[in-house]
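# What the coordinates show
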Amino acid sequence: KKCNNVSNLCKFFDCFLGNGGGCDRANSITGFLNTVSAHYEKTSSFDLKFKSVQTIVSVYQKLQAEELDGGDQPGFDLEQIRHETFLKVNHLLIEVDPSSLSARKLSNARKARIIDQLIKSYSFLCEDPLESLHETMTFYERYAKSTLGKGKGSKMESPYPLLDRQSIMVWYSSLFHWLCKTFQKHLQESLEDTSELGKVHQCSALFTKLVLLPRKVEKGNLFLKHIVQNGQSFFDALAILDKNDLHKNDKVLPILKELQKGVKYIHTICVECKTQKNSFLASKVPALKRSVERFIWKCVLWLHKKEDVSVEMGSLKHRDLHGNVVLSQLDLSNFDFNQARDMYDNTSETETEKGTDSQRSLLLDQDLPLSYEC
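As the structure is a computational prediction, the values presented were derived from the model and not from experiment.

About the criteria used
- Residues numbered from 1 in each chain as written.
- Predicted model: local features only at pLDDT ≥ 70, side-chain atom pairs only at ≥ 80, totals over all residues.
- Heavy atoms only, no water.
- Helix = DSSP H or I, 4+ residues; strand = E, 2+ residues; numbered from the N terminus.
- Areas by Shrake-Rupley, 256 points an atom, 1.4 Å probe, with all protein chains shown as cover.
- pLDDT = per-residue confidence, 0-100.
- Contact = heavy atoms within 4.5 Å.
- Phe/Tyr/Trp six-rings, centres within 6.5 Å; stacked < 30°, edge-to-face > 60°.
- Buried < 20%, exposed > 50% of the residue type's maximum accessible area, 1.4 Å probe, protein only.
- Lys NZ or Arg CZ within 6 Å of the ring centre and 35° of its normal.
- Axes fitted to C-alpha atoms, helices over the stretch in contact; angles between N-to-C directions.
- Parallel < 35°, antiparallel > 145°, perpendicular 65-115°, else oblique.
- Nonpolar A, V, L, I, M, F, W, Y, C, P; charged D, E, K, R; others polar.
- Core = buried A, V, L, I, M, F, W, Y, C linked by side-chain atoms within 4.5 Å.
- Expected span 1.5 Å × (residues − 1).
- Salt bridge = Lys/Arg side-chain N within 4 Å of Asp/Glu carboxyl O.
- Left-handed = near helix turned anticlockwise from the far one by under 90°.

Our focus in this paragraph is the overall build of the protein chain. Check the secondary structure of the protein chain and you find 14 helices and zero strands. Mapped in sequence order, the helices and strands of the protein chain form the string α-α-α-α-α-α-α-α-α-α-α-α-α-α. Per element, the accessible surface of the protein chain, about 22,600 Å² overall, is 50% carbon and sulfur.

In C-alpha cells form, the structure reads like this:
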C-alpha cells in the first residue's frame, strides 16, 4: 500500500537489491523484475510460481498506470515487459498442471482464488481481450457441455489443466466477469468511435452463449448464482447506449436482437429462483428483474422512433431452465372423470363413520381447552 507510485517502488527495489538507492529507475525496476523472473524459473512449486507472476503483474500495472497518467518514461520497453509477463501467465493458466510441480495438492478454495487471479491477469495482459475471450469461452463451453451434459456419452478431455469438474463454476464466474469488463470497455469506446459497435455485437453474442449454457447441461441450477450476480453489472453497462443518442445508430439494432435471446432466458431464471429455497438468490432477483424490465421498455422506446421497424410485444411462456413449457394450470385433457366419480362413490361408509367418531372424541377430550368443547 505504501508503494503507491513508481518512485516509492524504485526505493523499495533498491533496498531489495541492496543498491542503497544509487541506481536509476530503469536499472532498479529491471533488476527487480529479472530477480523475480529468475525465481519463477527456478522454483518447483506451482504456488510460488503463481506468487512470482502476481508480483510481476502488479509492478506492470503500476508502470502502465503512470504512463497513462502522463508520467516520465522510465527508460525501458514496457511492451516487452507486458509480453514476457503474459507468457508466464499463459504458461500457468493453460500449460502447467499444478500436480506435476508440487507434491501438495491445492485445496479447492486456494485453487479457485488462483484461477480467478490468473484469468484476470490473462485478460489484462493479452493483446486482444475479446478474441482471447471468444477462444477461451469456446473451449470452456465444449468441456462444460461434455462434463455436465445430458446422457452418458464420451467425456471430453479438459483443454486446460486448471479446468476440471470441480472448477467449472469458478471458470464460469471469471469468464462472465471478463465479458462484462470487455463489454463496458467497447461500449465506452463506441461513444467516440462507432466502429466499436461491431465488437459490442460480438460481446452480445458471447453474453447469449454464456447465459444459455444452463439450458444445455443437466444441472443448470448450478449456474444461477453466477448469472444473477454478473447479469446485473451487464445491464448496468447498457445504460451507455442512452448517452449521446447512441441507440439511434443502425448498428445497435443487431445488438438488441442478439441480446433478446439472453434476456428472455434471464426472465426464466428470475422465475426459477423464486421456487428455490435460497435467500441469496431471492434477494438478488428483484433488482435483476427490474433491470430486465427497464431494458425491455427502453428497447421499445428506441425502436418505436425508428422508421421501417415494427415492434411486437408478446407474453412470455412459463418455462423451466431446459426450455420446456411449464403449465400454469393442470392438464385435464387425459383425465378420466368417470373413473374419479366411481372411486368417490365407492368410498366405504365405515371410513366416514370412523372419521366422524374421531372428530367427536377429539372435541370431547378433557385435556383440550374449554373453548374446544361442544
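Turning to the confidence of the model for the protein chain, a few remarks are in order. For the protein chain, per-residue confidence averages 76 on the pLDDT scale, and 69% of positions sit at 70 or higher. Low pLDDT, under 50, characterises residues 358-374; the predicted model gives this stretch six contacts beyond four residues in sequence or across chains.

The subject of this paragraph is the packing of aromatic side chains. Going through the model one piece at a time under the given rule, you end up with 13 aromatic pairs. Aromatic side chains Tyr 122 and Trp 178 sit 6.0 Å apart centroid to centroid with 75° between the ring planes, which places their arrangement in the edge-to-face category. Within this pair, whereas Tyr 122 is found in helix H6 (residues 108-125), its partner Trp 178 is found in helix H8 (residues 168-190), the two being separated by 56 residues in sequence. Tyr 122 gets classed as buried once you look at its relative accessible area, which sits at 8%. Between Phe 183 and Phe 234 the ring centres are 4.2 Å apart and the planes differ by 15°, which places this aromatic pair in the stacked class. Placement of Phe 183 in helix H8 and of Phe 234 in helix H10 (residues 224-237) is noted, with a sequence separation of 51 residues between them. In terms of burial, Phe 183 and Phe 234 fall into one category: buried. Across from the ring centre of Tyr 40, 4.3 Å away, lies the NZ or CZ of Lys 49, which sits over that ring.

This part covers the packing of H8 against H10. Across the interface, H8 lies against H10 with an axial gap of 9 Å and an inter-helix angle of 5°. Between H8 and H10, the crossing angle belongs to the class labelled roughly parallel. Residue-level inspection shows Met 169, Tyr 172, Ser 173, Phe 176, His 177, Leu 179, Cys 180, Phe 183, Gln 184 and Leu 187 of H8 in contact with H10, the latter providing His 226, Ile 227, Asn 230, Ser 233, Phe 234 and Ala 237. Here the contact of H8 with H10 is composed, by residue class, of 10 nonpolar, six polar and no charged.

The next thing to look at is the nonpolar core. One finds Tyr 140, Ile 168, Trp 171, Phe 223 and Ile 266 to be the most contacted residues of the largest nonpolar core, which totals 88 residues. A per-element tally of this core places H8 first, with 11 residues. Ignoring any residue separated from it by four or fewer positions in sequence, one finds Ile 266 in contact with Phe 207, Val 211, Ile 227, Phe 235, Leu 288 and Val 292.

Moving on to the side chain of Ser 52. Topologically, Ser 52 is positioned in helix H3 (residues 46-68). By relative accessible area, Ser 52 is classed as buried at 5%. Not counting residues up to four positions away in its chain, the partners in contact with Ser 52 are Val 36, His 39 and Tyr 40.

Here we take up H10. The end-to-end C-alpha distance of H10, which contains 14 residues, comes to 20 Å, matching closely the 20 Å that a straight helix rising 1.5 Å per residue would cover. Along H10, the residues that are buried comprise Leu 224, His 226, Ile 227, Val 228, Asn 230, Gly 231, Phe 234, Phe 235 and Ala 237. Those residues of H10 that are buried are in contact with H8, helix H9 (197-211), helix H11 (252-275) and helix H12 (279-304).

Here we come to the pattern of salt bridges. Scanning the model with the defined rule gives seven salt bridges in all. With its nearest N and O atoms 3.4 Å apart, the salt bridge here joins Glu 141 to Lys 216. With Glu 141 in helix H7 (residues 129-148) and Lys 216 in the loop between H9 and H10, this residue pair connects regions lying 75 residues apart in the sequence. For Glu 141, a relative accessible area of 10% translates into the label buried. Within this structure, Glu 79, Arg 82 and Glu 127 form a network of salt bridges that share partners.

In this section: the packing of H8 against H9. Running from N to C, H8 and H9 cross one another at 155°; their axes reach a closest spacing of 9 Å. Overall, the two elements H8 and H9 adopt an arrangement that is roughly antiparallel. As H8 runs across H9, the sense of the crossing is left-handed. Contacts between H8 and H9 pair Tyr 172, Leu 175, Phe 176, Leu 179, Thr 182, Phe 183, His 186, Leu 187 and Ser 190 from the former with Leu 197, Lys 199, Val 200, Cys 203, Ser 204, Leu 206, Phe 207, Leu 210 and Val 211 from the latter.

Mapped onto the fold, Glu 84 is located in helix H4 (residues 78-95). The class for Glu 84 is partly exposed, based on a relative accessible area of 37%. Spatially, the C-alpha atom of Glu 84 lies 9.5 Å from that of Ser 37, the residues being 47 residues apart in sequence.

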